[in-house]
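Next come the chains, spelled out residue by residue.
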Amino acid sequence: MAIPSFVDRVTLRVQGGNGGHGCASVHREKFKPLGGPDGGNGGDGGSIVLRVDPNLTTLVEFHRQSVRRATNGQPGRGDHQAGSRGEDVVLSVPDGTVVTDADSGTVLADLTGAGAELVVAAGGKGGLGNAALASSSRKAPGFALLGEEGEELLIALELKVVADVGLVGYPSAGKSSLVAAISRARPKIADYPFTTLIPNLGVVVAGETTFTVADVPGLIEGASEGRGLGFDFLRHIERCAALVHVIDTATYLPGRDPLSDLDVIEAELAAHGGLEDRPRLVALNKADVPDAAELAEIVHADVAARGWPVFVVSTKSGQGLNELIFAMAELVSARRAAQPAAEPARIVLRPGPARGTGPEFTIDRQGDGDGGFVWRVKGSKPERWVRQTDFGNPEAVGYLADRLNRIGIENKLLDLGARAGDAVAIGGEDAVVFDFAPQVDVGAEILSRRGEDQRLEEDRPAAQRRRSKDADYHARREAREAGGWDEDPGA
Ligand SMILES: Nc1nc2c(ncn2[C@@H]2O[C@H](COP(=O)(O)OP(=O)(O)OP(=O)(O)O)[C@@H](O)[C@H]2O)c(=O)[nH]1
Ligand SMILES: [Mg+2]
């Protein structure tokens, strides 16, 4: 597969493991039929973590497998046994990988520096078992919390590739042929000038060293004054460790010979500027052609006299290529060793809205019109609590109501004018919808007990439920006003 440009991009679906469910269990022993709650917690799901490995230079590995999943946490069990955690999946990415949410286009992280990490899809939290849910007011909970689902998203990984070695030379000197001969890239090759319109990038492996080479579109005399195509592309090799002059020794053209070609290209590089300090290698190419081999032989000493190592090569026969790539690797390694190691950014970033900032929840009245309206409650805590709730268990629903009230959702709904029987949706797209049945009425009279949750009486319409509560309330008030209600027998 050809690598078409300098940007390597791949999309990947990542999915954190689900949290294990908590366990509801009661300790049993001979002669002690009812011990305390002993259900263990579910284990957290594993996360998908991206981590920079400076030895990687491409995203090719990700082109092969486009879905990555972490394992689920195990459910808790009786006798206080916690479920085991799911395992994290750590994906190694090259330095400089930019991670975006592929659906929204939001940049999640710019991963730079060895060891920089991003938890890109967090595993779901395990649910608490009933042992952990016990409190002085709820000594033996008959329910446990559900494990949460792991995060799932489609991400794009993008790498702006820096060329380690830049190939420069006249059109048709064989630069693209050289990229093709020493890497897996398959750029277009043809015997007319300016075949290459944008640089091609190839990954070269030479012993322990992996590096990238780029062929800059052909340069000609006057390139710096706008002639030809290649000049603008020199910026792509501004950060390279070394330059290789690719020189055609097989083609006879007036005014052209290896030494003057070298001088012309050097003059254009000087006009561009910024590349003076970069080490150079010279490849005298097309040595498979007999006359070319002879010419290479003749000019070898003169080229070497400029102080640059010279290689007589052929991209056709492969002659001299091994020596050339090992010489490139040496320059690349030397440059890498000389560069100060980037400070590793060990901050663990998390996608999504910042947690723990702003109000815990928001409430909006939505959808007024023919279809009626809904009070939409949003917030990471209430939405999480809903996901943790086993709606088949009345006690678990009562516990959810307690949690929602504790952060003031019910009071806020009453403040906003919500009435019993109104629809309340907690969450976004896959919201859970309730009938609003306030437990605390205006005036803070507590009219029903937790655990006998009115909302569970699905067979009774909400309005009827409200009426019965109202009736209860009015009965109490009337009795109190009449002085006949025995509220506190001790007084
Ligand atoms: N005989 C022979 N021909 C070669 C060799 N290397 C390249 N060529 C030929 O030279 C021509 C130009 O090769 P390219 O690799 O396209 O040259 P380039 O330097 O990338 O040219 P531009 O992209 O136009 O700047 C093609 O016809 C190649 O087949 C070689 O080692 N021996
Ligand atoms: Mg080319």
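What counts, and at which threshold
Residues numbered from 1 in each chain as written. Chains lettered and ligands numbered in written order. Predicted model: local features only at pLDDT ≥ 70, side-chain atom pairs only at ≥ 80, totals over all residues. Heavy atoms only, no water. Phe/Tyr/Trp six-rings, centres within 6.5 Å; stacked < 30°, edge-to-face > 60°. Helix = DSSP H or I, 4+ residues; strand = E, 2+ residues; numbered from the N terminus. Buried < 20%, exposed > 50% of the residue type's maximum accessible area, 1.4 Å probe, protein only. Lys NZ or Arg CZ within 6 Å of the ring centre and 35° of its normal. Near = heavy atom within 4 Å. Polar contact = N/O pair within 3.5 Å; in protein donor to acceptor, adjacent residues only side chain to side chain. Areas by Shrake-Rupley, 256 points an atom, 1.4 Å probe, with all protein chains shown as cover. Nonpolar A, V, L, I, M, F, W, Y, C, P; charged D, E, K, R; others polar. Donors = N, O, S within 2.8 Å, 3.2 Å for Na, K, Ca; no water.

Student: How should the packing of aromatic side chains be read in this particular structure?
Tutor: The geometry of two aromatic rings is summed up by the distance between their centres and the angle between their planes. The tally for this structure, following the rule as stated, stands at 3 aromatic pairs. Consider the rings of Phe-143 and Tyr-399, whose centres lie 5.2 Å apart with planes at 50°: the pair is tilted. One end of the pair, Phe-143, is in the loop between helix 2 (130-133) and strand 8 (152-160); the other, Tyr-399, is in helix 8 (residues 394-406), and 256 residues separate them in sequence. Relative to Phe-434, the ring of Phe-391 has its centre 6.1 Å away and its plane inclined at 50°; by these criteria the two rings are tilted. Within this pair, whereas Phe-391 is found in the loop between helix 7 (380-387) and helix 8, its partner Phe-434 is found in strand 19 (residues 432-435), the two being separated by 43 residues in sequence. On the basis of relative accessibility, which here comes to 36%, the residue Phe-391 falls in the partly exposed class. For Arg-256, the ring lying beneath its charged end belongs to Tyr-170, and the centroid distance is 3.7 Å.

Student: Would you mind showing me how to read the site of ligand 1 here?
Tutor: For ligand 1, the set of nearby residues contains 24 residues, the closest of which are Lys-175, Ser-177, Phe-194, Asp-288 and Thr-315. Between ligand 1 and the protein, one listed contact pairs an oxygen atom with a side-chain N or O atom of Ser-314 at 3.4 Å. The fraction of the free accessible surface of ligand 1 (660 Å²) that becomes covered by protein chains is 90%. Grouping the amino acids of the shell around ligand 1 by side-chain chemistry returns 9 nonpolar, 10 polar and 5 charged.

Student: Hey, could you run me through the coordination of the magnesium ion (ligand 2) in this one?
Tutor: Metal coordination angles have textbook ideals: 109.5 degrees for a tetrahedral set of four donors and 90 or 180 degrees for an octahedral set of six. For the magnesium ion (ligand 2), the full set of protein donor atoms is Ser-176 (OG) and Thr-196 (OG1), at a range of 2.0 to 2.1 Å. Highlighted residues: Ser-176 in helix 3 (residues 175-182) and Thr-196 in the loop between helix 3 and strand 10 (200-206), separated in sequence by 20 residues. Each member of the pair, Ser-176 as well as Thr-196, is classed as buried.

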